[in-house]
Amino acid sequence: KRVPPAVISLFGSQGSGNGQLIEPRGLAVDPQGNVWVTDPGNHRVQKFDAEGRFLLALGRGKGTGEGQFNEPLGVAASGNVYVADTWNHRIQKFDASGRFLAQWTGPGGMWGPRALVVSPQGEVLVADTGNKRVLVFDTEGRFLRQFGSAGSGAGQLNEPIGIALAPNGEVVIADTNNLRVQVFTLDGRFVRLWTIAGWRPSARTEPYVAVEGAGNVYVTDPSSHRILKFTPDGQIAAVVGLGGGAAGQFNLPTGLASGSDRLYVSD
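Presented here is an overview of the structure given in this document.

**Observations concerning the sheet that holds strand β4 (residues 44–48)**
- Taken together, the four strands give an open sheet; going across it, the order is β2-β3-β4-β5, and neighbouring strands pair in antiparallel fashion. Each having just a single partner strand, β2 (27–29) and β5 (54–58) make up the two edges of the open sheet. Across the sheet, the mean angle separating the axes of adjacent strands is 20° when strand polarity is ignored.
- Direction of pairing for strand β3 (residues 35–39) relative to β4: antiparallel, over a ladder of five bridges. In the strand pairing of β4, valine 37 is matched with glutamine 46.

**Observations concerning the side chain of arginine 90**
- With respect to the secondary-structure elements, arginine 90 resides in strand β8 (residues 90–94).
- On the basis of relative accessibility, which here comes to 8%, the residue arginine 90 falls in the buried class.
- In this structure the side chain of arginine 90 is engaged in a polar contact, spanning 2.8 Å, whose partner is the backbone oxygen of threonine 64.
- Within the local environment of arginine 90, its side chain forms a polar contact with the side chain of aspartate 85, the two groups lying 2.7 Å apart.
- Setting aside anything within four residues of it in sequence, one finds arginine 90 in contact with Gly63, Thr64, Gly65, Gln68, Val83, Ala84, Asp85, Gln103, Trp104, Met110 and Pro113.

**Things to note about the sheet that holds strand β6 (residues 74–78)**
- Ordered in space as β6-β7-β8-β9, the four strands form an open sheet in which the pairing is antiparallel. The open sheet has two edge strands, β6 and β9 (100–104), and neither has a second partner. The mean angle between the axes of side-by-side strands here comes to 15°, regardless of whether they run parallel or antiparallel.
- The pairing of β8 with β9 spans four bridges and is antiparallel. Paired with isoleucine 91 across the bridge in β9 is tryptophan 104.

**Side note on the environment of glutamate 212**
- With respect to the helices and strands, the residue glutamate 212 is situated in the loop between β18 (209–211) and β19 (217–221).
- Those residues in contact with glutamate 212, other than ones at most four positions away along the chain, are Pro167, Tyr218, Lys229 and Ser258.
- At 3.2 Å, the side chain of glutamate 212 and the side chain of tyrosine 218 are in polar contact.

**Notes on the packing of aromatic side chains**
- The final tally for this structure, using the stated rule, is 10 aromatic pairs.
- For the ring pair tryptophan 104 and phenylalanine 137, a centre distance of 5.8 Å and an interplane angle of 50° mean the geometry is tilted. With tryptophan 104 in strand β9 and phenylalanine 137 in strand β12 (residues 133–138), this pair connects stretches of sequence that are 33 residues apart. Considered together, tryptophan 104 and phenylalanine 137 belong to a single accessibility category, that of buried residues.
- Relative to phenylalanine 230, the ring of tryptophan 194 has its centre 5.5 Å away and its plane inclined at 45°; by these criteria the two rings are tilted. Placement of tryptophan 194 in strand β17 (residues 190–195) and of phenylalanine 230 in strand β20 (residues 226–230) is noted, with a sequence separation of 36 residues between them.
- The exposure class of tryptophan 194 is buried, given its relative accessible area of 7%.
- Take phenylalanine 230: its relative accessible area is 6%, and that puts it in the buried class.
- Taken together through their ring pairs, the aromatic side chains of Tyr82, Trp104, Phe137 and Phe143 make up a single cluster.

So, how was this worked out
- Residues numbered from 1 in each chain as written.
- Predicted model: local features only at pLDDT ≥ 70, side-chain atom pairs only at ≥ 80, totals over all residues.
- Heavy atoms only, no water.
- Pairing = 2+ DSSP bridges.
- Helix = DSSP H or I, 4+ residues; strand = E, 2+ residues; numbered from the N terminus.
- Axes fitted to C-alpha atoms, helices over the stretch in contact; angles between N-to-C directions.
- Buried < 20%, exposed > 50% of the residue type's maximum accessible area, 1.4 Å probe, protein only.
- Polar contact = N/O pair within 3.5 Å; in protein donor to acceptor, adjacent residues only side chain to side chain.
- Contact = heavy atoms within 4.5 Å.
- Phe/Tyr/Trp six-rings, centres within 6.5 Å; stacked < 30°, edge-to-face > 60°.

What follows is the structure, given as structure tokens:
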């Protein structure tokens, strides 16, 4: 069924000022309920409170130095803040006030990482998109393990984009170019998958995922300008929104984050 979203708040506008955005992507909600948004067109990450008031920005312009970004597309916030600095092919770590702490890459290097998430166990899981795998680190950037490989079989990946953790510890991945969602255990064992008919394997229509407290899975369907809701086992539960510019309508929705009984969407 199609569900019209009950819009709680709207924030952001196009531009480069504080609180303005150019093609926002990744989203994260921190333990205090603040919302972190990647702002790749401005090569920065911005922090808002739960009602959308601008708080601070990370990033010192486009570049390769510490605290600089090249189109960051993913963010995770768990006390400290971790950013997928996509076209610098690395992860950067900051404290909650925006102070740079560390940076790292993975074994053999990363290629265009799009999203990441921090587990309750203190592991940082990164969708290493171009290398078609998931990399797992501790919070200091020490490599722990990886899973996934290039292909279309169960447990294989082709351009993984969004990544999220379910309440039961399962890892939910938008396996974009295979047009499906795959679910793994935290140690990387394949569990199940389901297909997403509306996805398109192309730039600017990259889907992200979020999982709510009940375990239901939300995915963006950018080219169809909507959000899809699934039960934990992959049964479609609702279609949220439709194309347009009004509140509750979407134009290439990408990033998603769930927190405090709210669903945040990068439109």
